[in-house]
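What follows is each chain in one-letter form.
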Amino acid sequence: MGLFDRIAGLFSSKAAAKGELAAVQAEVSRQVRVELERRWYDAARTSRDTWAWMAGSTSANAEVYGGFVNLRNRSRDLARNNGFASKALRVLADNIVGSGILAVARTNNKPLNATINNLWARFCDECDFGGQLDFYALQRLAIRSVLEGGETVIRLRTASRGNSARRAVPLELQLLEGDYIDHRKNGLFDGKTHIHLGIELDEDGKRAAYWLFRMHPGEMIYTQPMSYISDRIPASEVLHFYEPLRIGQMRGIPWLTPGIIDARNVQTYAEAERVRKRIEACVAAIVIGADDESQEGIAPHVVDYAGNRIEQFEPGLIAIARGTKDIKFTQPASNNSYHEAMRTDLQALASAWGLTYELLTGDLSRVNYSSIRAGINEFRRMVETFQWLTAIPLMMRPVWRAFIDRAVLAGKLPEDTPYDVEFTTPKFEAVDPVKETEGDIAAVRSFLMPPQEAIRRRGFDPDVVLADNIAWHKALVAGGVVSDADAAQVGKASAAAPKPPAAAESNQ
């Protein structure tokens, strides 16, 4: 019988006819509720499996505001004191940015490209506001800060210090931690614009300004309270670099967040196991019994061979307990499940941080070429996603645009200079270089991949590689040197017995 048939049956019953309408209505409500619950998702029901599961309907910013300071602090504490967290951050930074994400001008004007690229090369050497690092080191520091603390603030500063006239472009980059954004600033500003977590939005909901502390708020321990004063900085002068995980999310959370509790538990478990082993190793044997009858009747106590009362244990200790004669050797218990338990926990931790178990621990004892290649491929997809959907749109491209704008204002580039640019991410080391190279050659020859893409995968600029190969070919021909590494001189089939080219013979 269907739901509506049962309801109709209730209303047509004698109970309804006798005026017991309230009881009938209650029963109808109950049956409707039961029927609706049957049509819910299992995870939406209230049951023993979901008991005490607190899941709110808060927005992304409300969730971030409620805990991102603690998350940031605990993530940094892990990075300082937990070896696995430190290794994870280093592996991620090494693969995401490596020795640097390259940028090359790609306008339709080759002379203009050369001018832009020369200016960019000088800018990369001079761009650090602190005067210590180049642009590629700043990339790594910015990404490390995003992974560890959730976000990085990059201020675009006009170079005015020192001999600024000799600079390629009057632009400097000042890196600040996300702590500089005054998250206490919330609500209306001037009765028109809204401020969320220190970020001011205009009437259209676009970012208009950032409220930045004058000093790092964590330095107030040994500085003046000036660190709690924040100033309004226009959004055009600030790059906010973080990974948005929800629509409308305005502040970033650390990469380590999903594994913070697990990492601490793994560390605690390892410490507990080491303490247990140390305690077991403290006592080697206990001699039970008095040396002579005069000791009988004395309150029980434990001494060493010199007769000194023992109040703490140490490794290799042989203790004497007054009482009946006997000797007991301690037998430290073995924990055969420790390694498997640690391996399971570390696999879960690696998964939470987007790594493979092998990358997190360095343990390669259970892998072969196929398994490690499958794991590395998935890791590479994650890294490429972060590079092309987070690092390049939120850091690299805005910096390039600011560089072009400042170069135009300084008269170094024409006013109509386009922003056309090509980025090259760091190469991934091959698991088996021979197999992967042969695969790339097959893909290029079958027109499944352009050779430029194969070159970019290895972290090189295709134009530079082509120019170097042309110059090398000319040098070989001019010197009369034949090499099977130069496909223009010999084919693969004749590489074993190369012949001098005619051009080389005519030069002699």
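Only a predicted model underlies this, so the values are computations on that prediction, with no experimental measurement involved.

What counts, and at which threshold
- Residues numbered from 1 in each chain as written.
- Predicted model: local features only at pLDDT ≥ 70, side-chain atom pairs only at ≥ 80, totals over all residues.
- Heavy atoms only, no water.
- Pairing = 2+ DSSP bridges.
- Helix = DSSP H or I, 4+ residues; strand = E, 2+ residues; numbered from the N terminus.
- Axes fitted to C-alpha atoms, helices over the stretch in contact; angles between N-to-C directions.
- Contact = heavy atoms within 4.5 Å.
- Buried < 20%, exposed > 50% of the residue type's maximum accessible area, 1.4 Å probe, protein only.
- Salt bridge = Lys/Arg side-chain N within 4 Å of Asp/Glu carboxyl O.

Another aspect to go through is the sheet that holds strand β3 (residues 171-177). Strand order in this open sheet of three strands is β3-β2-β9, and the pairing throughout is antiparallel. Unpaired on one side and paired on the other, β3 and β9 (238-242) mark the two borders of the sheet. Between one strand and the next, the sheet's axes are offset by a mean angle of 25°, whatever the strand orientation. The sheet contact formed by strand β2 (residues 151-158) and β9 spans five bridges and is antiparallel. Directly across from V153, in β9, lies its bridge partner H240. Strands in contact with helix α11 (residues 369-409) are β2, β3 and β9; relative to β9, the strand with the most contacts, it is inclined by about 165°.

Right, let's talk about the environment of D125 for a bit. Of note, D125 is situated in helix α6 (residues 110-126). With a relative accessible area of 58%, D125 lands in the exposed category. Distance in space between the C-alpha atoms of D125 and A168 is 9.7 Å, their sequence separation being 43 residues.

A separate point is the pattern of salt bridges. Going through the model one piece at a time under the given rule, you end up with 20 salt bridges. The partner of R184 in a salt bridge is D182, and the shortest N-O contact between them spans 2.9 Å. For R184, a relative accessible area of 47% translates into the label partly exposed. Judged by relative accessible area, D182 falls into the buried class, the value being 1%. For the salt bridge of E453 with R456, the shortest nitrogen-to-oxygen distance reads 3.7 Å. One end of the pair is E453 and the other is R456, both in helix α13 (residues 451-457) and three residues apart, which spans about a single turn. Salt bridges linked by common partners bring R106, E422, E453, R456 and D463 together as one network.

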